[in-house]
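# Chains, contacts and geometry: an overview
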Amino acid sequence: MKNVISTSKAPAAIGPYSQAIQVGNLVYTSGQLPIDPATGQFPEGGIKEQTRQSLTNVKAILEGAGLSMASVVKTTVFMANMDDFAEMNSVYAEFFAEPYPARSAVAVKTLPKNALVEIEVIAEI
């Protein structure tokens, strides 16, 4: 059985998808762009500011499911430019503690709205 997870503290879905879905003891978030839910805009700055906003959105969705970032077991980070990896990684490290979740990080040709980063996670209840 699927449970929809939704919160107004993260950007609303703009298409036929949910912010997150719970199945059994796992929560799967949709990829989170660096959209500030209060303004609908990307934060000013570059990859660091966008990474922080994407992870803040992930955190808000997890909190809506009664979870925290410590519940995350797997992340996938999509970046428009792999040259931004070190700066993304420095902000990413602010959101996670050991034992760190498994992670994939990939460069993609283009992200929606020309974002620099998009992040999705799988968390355990």
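## What to know about the pairing of strand S5 (residues 102-107)
Here strand S4 (residues 72-79) runs beside S5; their pairing, made up of six bridges, is parallel. Each residue of the ladder has a partner; that of threonine 76, found in S5, is serine 104. With helix H2 (residues 85-95) bridging S4 and its parallel neighbour S5, the resulting β-α-β unit is right-handed.

## Regarding helix H1 (residues 47-64)
Taking 1.5 Å per residue, 18 residues should reach 26 Å; H1 reaches 26 Å between its end C-alpha atoms and fits that length. Inspection of H1 places Ile47, Gln50, Thr51, Gln53, Ser54, Leu55, Asn57, Val58, Ala60, Ile61 and Leu62 among the buried residues, and these make up the whole buried set. Those residues of H1 that are buried are in contact with strand S1 (2-5), strand S2 (20-23), strand S3 (26-29), S4, H2 and strand S6 (117-124). Backbone geometry just downstream of H1 places glycine 66 in the positive-phi region, at approximately 80 degrees.

## Quick notes on the sheet that holds S4
Within the open sheet, the six strands sit side by side as S1-S2-S3-S6-S4-S5. Their pairing is mixed. Since the sheet does not close on itself, it has two edges, and those belong to S1 and S5, each with one partner. For this sheet, the mean angle separating the axes of adjacent strands, direction not counted, is 15 degrees. Each of S1, S2, S3, S4 and S6 is contacted by H1, which is oriented at about 30 degrees to S6, the strand it contacts most.

## Looking at the packing of H1 against H2
At their nearest, the axes of H1 and H2 sit 8 Å apart, and the two run at 35 degrees to each other. By crossing handedness, the relation of H1 to H2 is classed as right-handed. Here H1 contributes Ile47, Lys48, Thr51, Arg52, Leu55 and Thr56 to the contact with H2, which in turn contributes Glu87, Met88, Ser90, Val91, Tyr92, Glu94 and Phe95. The class makeup of the residues in the contact of H1 with H2 is six nonpolar, three polar and four charged.

## Overview of the packing of aromatic side chains
Tallied over the full model, the rule gives one aromatic pair. Taking the centre distance of 4.6 Å and the plane angle of 35 degrees together, the rings of tyrosine 92 and phenylalanine 96 count as tilted. Note on accessibility: tyrosine 92 and phenylalanine 96 belong to one class, buried. Positioned above the aromatic ring of tyrosine 92 is the side chain of arginine 103, whose terminal nitrogen or guanidinium carbon lies 4.5 Å from the ring centre.

## A short note on the nonpolar core
Counting 24 residues, the largest nonpolar core has Leu55, Leu62, Met69, Val77 and Phe96 as its most contacted members. At the level of elements, H1, S4, H2 and S6 are the ones that each hand at least two residues to this core. Valine 77 has contacts with Met88, Tyr92, Arg103, Ser104, Ala105, Val106, Val117, Glu118 and Ile119, leaving out every residue within four places of it along the chain.

## Focus on the environment of glutamate 94
Position of glutamate 94 relative to the elements: it lies in helix H2. Judged by its relative accessible area of 53%, glutamate 94 falls in the exposed class. Once the C-alpha coordinates of glutamate 94 and alanine 65 are considered, the two residues, 29 residues apart in sequence, prove to be 21 Å apart.

Analysis parameters
- Residues numbered from 1 in each chain as written.
- Predicted model: local features only at pLDDT ≥ 70, side-chain atom pairs only at ≥ 80, totals over all residues.
- Heavy atoms only, no water.
- Pairing = 2+ DSSP bridges.
- Helix = DSSP H or I, 4+ residues; strand = E, 2+ residues; numbered from the N terminus.
- Right-handed = clockwise from strand over helix to strand, strands pointing away.
- Expected span 1.5 Å × (residues − 1).
- Buried < 20%, exposed > 50% of the residue type's maximum accessible area, 1.4 Å probe, protein only.
- Contact = heavy atoms within 4.5 Å.
- Axes fitted to C-alpha atoms, helices over the stretch in contact; angles between N-to-C directions.
- Left-handed = near helix turned anticlockwise from the far one by under 90°.
- Nonpolar A, V, L, I, M, F, W, Y, C, P; charged D, E, K, R; others polar.
- Phe/Tyr/Trp six-rings, centres within 6.5 Å; stacked < 30°, edge-to-face > 60°.
- Lys NZ or Arg CZ within 6 Å of the ring centre and 35° of its normal.
- Core = buried A, V, L, I, M, F, W, Y, C linked by side-chain atoms within 4.5 Å.

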